[in-house]
Amino acid sequence: DFQIGLATLLKRDSSVLGTNSLENSDFENDSFAPWNALGSSTISLQQDAEGNNFAWVTDRTDSWNGILQFPSLQVGMKYEASCRVMCPIDATLHITVQLSQSYVKPAGETTVKAGEWTTVTGSFTSDMPQPMFFVEGPPAGVDFGVDDCWIRPRHDSTTLPLTDTAW
């Protein structure tokens, strides 16, 4: 695609486009590995009414206690991240990515209604190959559920200035 004075370069890498960078993202392999507890939290597998697994996070002593994973990402690539979350009380939950110099909340703060599964989705640009991805947020002592998580490359185009190079 060309625009006057600009060339649009579509990022394409067949090894990652459309691939979920999170392993065991739906907890259906009867384990929560390679997910880990963040802080003092404990993770267990629970089943919904249809018999599908999800992670249940308990024993939280602070709002940042949750569940985490270190996905393999490409530095400089923009990603979309998403998780379904549920809490027994109305609460604020969020997905967070720890990059090299900052913590990013791709979807900001999301209010979840008591007992309802809510999808939290947002985007970020990775500045490191294995950032920490985690779900956190309700007050200390409040359990929460996590399911159907993913991180995928965002299919945006990157617009670059046109140089004097002949096309």
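Here the structure is a predicted model, which means the values were calculated and not measured.

What counts and how
Residues numbered from 1 in each chain as written. Predicted model: local features only at pLDDT ≥ 70, side-chain atom pairs only at ≥ 80, totals over all residues. Heavy atoms only, no water. Salt bridge = Lys/Arg side-chain N within 4 Å of Asp/Glu carboxyl O. Helix = DSSP H or I, 4+ residues; strand = E, 2+ residues; numbered from the N terminus. Buried < 20%, exposed > 50% of the residue type's maximum accessible area, 1.4 Å probe, protein only. Phe/Tyr/Trp six-rings, centres within 6.5 Å; stacked < 30°, edge-to-face > 60°. Lys NZ or Arg CZ within 6 Å of the ring centre and 35° of its normal.

Draft legend 1. Molecular detail of the pattern of salt bridges. Counted by the stated rule, this structure contains 3 salt bridges. Across the pair Arg84 and Asp148 runs a salt bridge whose closest N-O atoms are separated by 2.9 Å. Of this pair, Arg84 sits in strand E7 (residues 78-86) while Asp148 sits in strand E13 (residues 144-153), and the two are 64 residues apart along the sequence. For Arg84, a relative accessible area of 24% translates into the label partly exposed. A salt bridge links Glu109 to Lys105, with the nearest nitrogen and oxygen atoms 3.1 Å apart. Given the relative accessible area of 48%, Glu109 is considered partly exposed. When its relative accessible area of 37% is taken as the criterion, Lys105 is described as partly exposed. Look at the salt bridges and you will find they share partners, linking Arg84, Asp147 and Asp148 into a network.

Draft legend 2. Geometry of the packing of aromatic side chains. Applying the stated criterion across every chain yields a total of 6 aromatic pairs. Through a chain of ring-to-ring contacts, three or more aromatic side chains come together here, namely Phe27, Trp35 and Phe133. For Arg84, the ring lying beneath its charged end belongs to Trp117, and the centroid distance is 4.7 Å.

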